Structures are given as C-alpha cells and as structure tokens.
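Residue strings, one per chain:
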Amino acid sequence: MRYPRKVAIGFQEGTCPLHCPKCFAFSGKSGRKKKVHKMSLDKAKWLINEIAEWEQKPVIQPHIFTEPFANKDLSEIIRYCHEKDIFVSIITNGILIDDSWTQFILSELGRKDTISFSLDATKQETYEKVRGNYELSEIENRIQYLLEHRTDQGGPRLSVNYTLEKENFDETKAFIEKWKYKADAVRVTVAIDDNKKIPEMFRKKEIQNVSECSFLDEVMTIDSDGHVRVCQYDAFGDSDFGNVFEKGIMGIWEGDGMRQFRVRQKKGEMMQDDYCYQCEGACSTKLECREMGDFIIKEAAYTIYYNRRNI
C-alpha cells in the first residue's frame, strides 16, 4: 500500500492576519471570501489516530490556507501528534508568534519538526507590496531568536521561503545570501498566477501538458469539514473526493476517485471543469538532488531549495 508523504489538514481554516495579493484564499481577487471554520479537537484526534496506525507515517501539516498559529488548539494538536510519533511541518507568516508561542516552539518541537517562515522580501517596502502591512524586521528577529536559542535537544528545523514574483524579483539573490548560512534551508519558488500558470517573465521554455504532479502522488489535503481537495492550491474546496470521516483517509487516498483522477492527469486527459486542467503548479514539484559545497540542493524547473548540511 502506498501512503501519502504529507497530510495537510485544515484543522482551522479562514484565519490570517495578512491578505497577500498573490494568495488564492485571502487576496479577494476571486470575489470569494474565505469562511472561518474549525474542526473539533475530537475529530482532529480521530484523524491523527488513523494516521498513527499506518506502516509509514507521514508528516502532518496542520493547516491549508490559514495562519496556523491562529488556532488555539494547535499546541494540543502538536502534542498529540508527538504522542503518536508523528511530526509536523508548519508554514507561517510569523506574525502571531509571540513570546508564549516562541517558548512552546523551543520546548515542544524537535529537529524532526519543521517551521517555514514565508518572508518573500529583504526590504520593508517590498514586503508591504508582496505580503502586507507589517514590520518585516520583527519577523526576522523572531527567526533569529529561535535559531540562537535552539539546543541539541530542543527546537525545530527552521527554513525561510521566498515566493518569486515581479515585485520582488530584484531581491532574490540578496535573500538567498542573507539566509542560506543562517536558516537550515532556503526555498525559492515562482508564484503561479490566478490561472495557475507560470508567469510569462519567468517561463524558461514553452510548457507542454504537465503530468505526474507530486501533489497528487504524495500529498493529501483534508479540509476542516473532512472533505478531501485535489491539492492545496484549491483554496475554496472546489474539488471533492469524499469525506474522511465517512470513508477514512486511506479509503479516499486509495479509492477509485483519486486513482482514476491520477491516471487521467498523467495521461493529459483533464477536462475543463477539473481543477487541475492546464495547471502548471506541478512544474515546481519534480525535484532533483545535487550537492554543492555546504549545501544539498533540491531543484525543479521553477523551485530551488538550499539545504544546509549537518543541520
């Protein structure tokens, strides 16, 4: 049986202090408003219990389109995951990480857990263009504090993200140089546009039909009501493979609906009403690995990760 490598679960959806212009969920460009919805803690533990029984345990991402630290149950969810020998991968804008959360992160998370900070800028004016009205330096200081106060026994792996777009293109090299010897990893990836396309200014060549998307093959995305979306780009749950509280997680992952969808995607047989129709997001998922000095580089056509050795 093939298990997902990562399970992204929207334990709480629809809460974020930023409204980044590129965000599929909160930018407002779609004319749709993301509603706040929270999964009960009992249901959250029910899902974690199922995952804990798998022969190969995935990492859990405890959010989809939301700021995870807005969820008051996050600390209990993380502790419960650890009780079941499951680790977490968190992507955050960092704004809600106060002193209390900082101490929790340092004391409760270990190196098998990951927190990735989405920064997308080196300058304040650029940050405000691509993310929002908040002090970039405050988030950077929080990251630095976490890096400096980790111990061999405590504290997660820390990475920083740079989503590349027209407004921050000129700062890309500066961002990499600023963080690659500080953070454990630096990720740079091109933002797909509202039509799920690689923007023209970043296209390296004509992109043919995209097949074998790693999102479909490796990552499962479960909404706060239990419905399974095709992937995390689907901000409003327009796709639906069924409800995990009715069929179980693996019942859907290995079920006919997802199996047939993967086959059609690989064969280039997506229909116009399929969420994946002509999506180019997969161009950033087929990573190849190489070594370069102090780093292990993972790279796809429109994504690169700088992973520091021995961290």
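Here the structure is a predicted model, which means the values were calculated and not measured. (Residues numbered from 1 in each chain as written. Predicted model: local features only at pLDDT ≥ 70, side-chain atom pairs only at ≥ 80, totals over all residues. Heavy atoms only, no water.)

On to the nonpolar core. Core analysis: the biggest nonpolar cluster contains 86 residues, and Ile9, Phe117, Leu119 and Ile222 have the highest contact counts within it. Once residues lying within four places of it in the same chain are set aside, the contact partners of Ile9 are Met39, Leu47, Ile51, Ile60, Gln61, Pro62, His63, Ile64 and Ile222. (Core = buried A, V, L, I, M, F, W, Y, C linked by side-chain atoms within 4.5 Å. Buried < 20%, exposed > 50% of the residue type's maximum accessible area, 1.4 Å probe, protein only. Contact = heavy atoms within 4.5 Å.)

Here the focus is the sheet that holds strand S6 (residues 114-118). Reading across the sheet, the seven strands line up as S5-S6-S7-S8-S13-S12-S11 and stay open at both edges, with mixed pairing between neighbours. The outermost strands of the open sheet, each flanked by one partner alone, are strand S5 (89-92) and strand S11 (288-292). Across the sheet, the mean angle from the axis of one strand to that of its neighbour is 20°, orientation sign disregarded. In the sheet, S6 pairs with strand S7 (residues 157-164) via five bridges, with the strands oriented parallel. Across the sheet, residue Ser116 finds its bridge partner in S7, namely Ser159. Lying over the sheet, helix H5 (residues 136-149) contacts S6 and S7, oriented at roughly 150° with respect to S7. (Pairing = 2+ DSSP bridges. Helix = DSSP H or I, 4+ residues; strand = E, 2+ residues; numbered from the N terminus. Axes fitted to C-alpha atoms, helices over the stretch in contact; angles between N-to-C directions.)

Before going further, it helps to examine the state of the cysteines. Within this structure, the stated rule accounts for zero disulfides. Left unpaired, Cys231 is separated from the closest cysteine sulfur, that of Cys276, by 6.0 Å. For Cys231, a relative accessible area of 7% puts it in the buried group. A relative accessible area of 16% places Cys276 in the buried class. (Disulfide = S-S within 2.5 Å.)

On to the packing of aromatic side chains. Here a ring pair, both rings aromatic, is described through the centre-centre distance and the interplanar angle of the planes. Under the criterion given, the structure shown has eleven aromatic pairs. Measuring from ring centre to ring centre gives 5.6 Å for Trp46 and Phe245, while their planes differ by 50°; the resulting arrangement is tilted. Linking Trp46 in helix H1 (residues 41-52) with Phe245 in helix H8 (residues 244-247), this pair joins segments that are 199 residues apart in sequence. For Phe245, a relative accessible area of 23% gives the class partly exposed. Ring pairing ties together the aromatic residues Phe24, Phe215 and Tyr233, which thus form one cluster. (Phe/Tyr/Trp six-rings, centres within 6.5 Å; stacked < 30°, edge-to-face > 60°.)

In short, the description is geometric, and any link to function would need to be established separately.
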